[in-house]
Amino acid sequence: MFTIIKFLFLKTTRLALLIAAVAVLSFVLVSNSPIDPVDAYAGAAILNISPEQRDIIAQRWGVDKPPIERFLTWAGQLVQGDFGVSAIFNEPVLDVISKRFITSFWLMALAWSFSGALGFGLGLTAGAWEGSLIDRGIRIYAYTMASTPTFWVGIVLLMVFSVFLSWTPTCCAWPIGMSADQATIWQRLHHLLLPVITLSLIGIAKITLHTREKTIEAMHSDYAIFARAQGESTIGIVLRQAVRNVALPAVTLQFASLGELFGGAVLAEQVFAYPGLGRATVEAGIGGDVPLLLGIVLISTVFVFTGNSVADFIYQLVDPRMRKVAGSSS
Amino acid sequence: MLDVHDLSISFSSYTLGLKKKEVCAIRSLDLRIAPGEIMAVVGQSGAGKSLLAHALLGILPPNAKVSGSLFFKSRPLTAERLTDLRGSQIALIPQSVTYLNPLLRVGTQVARAARLSGVSRDETPPVVRRAFARYLLDKEVADWFPFQLSGGMARRVLTATATVGKADLLLADEPTNGLDSAAAGEALGHLRELADTGKAVLLITHDIKAALQVADKVTVFCAGNSVEVAAAEDFNGHGRLRHPYTKALWNALPANGFRMAMPPVITSSQNDGCLFRLYCHKQDSLCGKRLPGLRNTNGGWVRCHHA
């Protein structure tokens, strides 16, 4: 019990420090961005705005103040839980993020589960029968996919299945002209299909390669040799001996991959015009929406950090060696 | 029980380009063990001792090539027969705790070994309990993980794992490695007990002194080759040893002068002649021409033209 409290305390402290560092760094980056928020906000209408009007907007947003003062105001409100108002959506930043996050959540959750489960299975198979035909096939797939950009896979899938075959929609998270509440679950799944496949195809590759390495290591380990000497078959060694030892690092990798998943989602959502958090990030960046962009950065920091912490926690829970160190060692 | 004649093991590997290279690890090895007997196989590290154990279990890597004749209980030991026999008739007692799965409870692993050796599902729990009791392991040790075992305890668990079935031939790979003399003595005592119940034990070790405490006979290994088979009593310092390599090995022991007699024999890839000839003061032209066969000399066997 005490260990868990200590674990949580340490993690919370670390998270607070991390958020502070990320906040400062991303603020510095954003304030040095060549995009002028007012110009980006007005867009083409900038021609119709007089310099005086422009100054009024800048003054109201506080863009004219020195960066340090702006940062302190922003950080002060942040501490009170106020992320500010998004300029392009005209809504509080947290509302935008939570709406977009739910849309993205299903995409990421599905892609994450598929790539984890399939990647682990493929990696285990390839590693157990190292050098066989099936291993070669899986390896070719994994190496190809690991070196293919996400957006390219997305575009190819879009061309084949949406444009030529017309099996899947070309954009959005639900049919055009409907709102999110009107769409049925099937319509939403139909729209999710290609983005999920895109992210999974790529995600599987890395998990597969990692699992394969670990499986080969386990199959050549002393305990695998001993199991074979006892008359265990290859399948028996894989299922009874190797799986546990391979699953442990795989779980860690799976949770630690949340960051990459998020990065992949930005690209996939862009290609499929899927209105999730990733797309909101791009829009905020291009539109000079500083509060929204910084909000997303901070929220995704928490997201990735939580993933890594869960990995740590599971590791301690599952590995007997870690478990016993804290408790009574006999 | 086991009769190995002219066993050779070589590994093929591809070097730069597609040139195939064969490395001979064990050459012309002869070995014989009777039931109730402990045969010690001694030799320097790298002499191919562990490979011998792996070959007898048929668990060498796929690029290994094995030739020669093997007989187990008077019947040829083919690859197919080995698949049936390993675990049930021939069991390995591995050298260290790393041969246990770090993430599985000790009891689970012993039980699995019992199942694989042919014990039925219902009989497994009592069989495992008896194996634990025989090696003075407390009941709760079954719930432990390998990293919680002490060195001596790990040794007993490994012995229990190998003997939980009814294997008649036990291959003990370096059973005294990393143990203090008390624990080593205990481990060797267990092997003696097993031999006294009629099992044949192959004791693979680099430690002649430890081996002589319990072994009946000793086969001396030099560069993947058996150079001498002697009774344990021959190692008494009265000049009964036959092969120059055995003598050198014996004299290298701290109690017998600690004389570092020869540089380590590293390779056995040269094809003809006695493998030890470069370090032997008796060598002549004959030694370079062909590998001597094992000859019977005063109660033992020696592979030397001049002994």
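Residues numbered from 1 in each chain as written. Chains lettered and ligands numbered in written order. Predicted model: local features only at pLDDT ≥ 70, side-chain atom pairs only at ≥ 80, totals over all residues. Heavy atoms only, no water.

Draft legend 1. Seen up close, the pattern of salt bridges. Within the structure shown, the criterion is met by 15 salt bridges over all chains. Two residues, Asp312 of chain A and Lys11 of chain A, come together in a salt bridge whose shortest N-O distance is 2.7 Å. Pair noted here: Asp312 of chain A is in helix α13 (residues 290–318) and Lys11 of chain A is in helix α1 (residues 2–31), with a separation of 301 residues, a long-range link. The closest approach of N and O atoms between Asp3 of chain B and Arg32 of chain B, which form a salt bridge, is 3.4 Å. Of this pair, Asp3 of chain B sits in strand β1 (residues 2–15) while Arg32 of chain B sits in strand β2 (residues 19–33), and the two are 29 residues apart along the sequence. It is possible to trace a salt-bridge network through shared partners that takes in Asp135, Arg139, Arg212 and Glu213 of chain A. (Salt bridge = Lys/Arg side-chain N within 4 Å of Asp/Glu carboxyl O. Helix = DSSP H or I, 4+ residues; strand = E, 2+ residues; numbered from the N terminus.)

Draft legend 2. Structural view of the environment of Val30 of chain A. All names here are of chain A. Mapping Val30 onto the fold places it in helix α1. Placed 261 residues apart in sequence, Val30 and Pro291 show a C-alpha to C-alpha distance of 10.0 Å. Apart from the residues within four sequence positions on either side, Val30 is in contact with Val290, Leu293 and Leu294. (Contact = heavy atoms within 4.5 Å.)

Draft legend 3. Expanded view of empty space enclosed by the protein. Counted by the stated rule, this structure contains 4 cavities of 30 Å³ or more. In this structure, the largest cavity occupies an estimated 90 Å³ of space. Surrounding the largest cavity, 16 residues form its lining, Gln230 of chain A together with Gly87, Ala91, Thr161 and Ala162 of chain B being those nearest its centre. Listed by contribution, the elements that provide at least two residues to the lining of the largest cavity are α9 (222–229) of chain A together with β6 (90–93) and α5 (151–163) of chain B. With 3 residues, the single largest contributor to the lining of the largest cavity is β6 of chain B. In terms of residue class, the lining of the largest cavity is made up of 9 nonpolar, 6 polar and 1 charged. There is about 80 Å³ of room inside the second largest cavity. (1 Å grid on protein atoms, 1.4 Å probe; cavity = no way out; pocket = protein on both sides within 12 Å on 5 of 7 lines; lining within 4 Å. Points joined across faces, edges and corners; volume = space filled by probe spheres on them. Nonpolar A, V, L, I, M, F, W, Y, C, P; charged D, E, K, R; others polar.)

Draft legend 4. Structural view of the interface of chain B and chain A. Across the contact, 25 residues belong to chain B and 20 residues belong to chain A. Of the roughly 2,200 Å² buried between chain B and chain A on both sides combined, carbon and sulfur atoms contribute 63%. Summed over the shared surface of chain B and chain A, the result is 1 salt bridge. One salt bridge in this structure joins Glu232 of chain A and Arg112 of chain B, with 2.7 Å as the shortest N-O distance. Put simply, chain B and chain A have 7 residue pairs in polar contact (both at pLDDT 80 or more) between them. Every element with two or more residues in the side of chain B that touches chain A is listed here: α1 (49–57), β6, α3 (106–116) and α5 of chain B. (Buried area = accessible area lost by both parts, 1.4 Å probe. Polar contact = N/O pair within 3.5 Å; in protein donor to acceptor, adjacent residues only side chain to side chain.)

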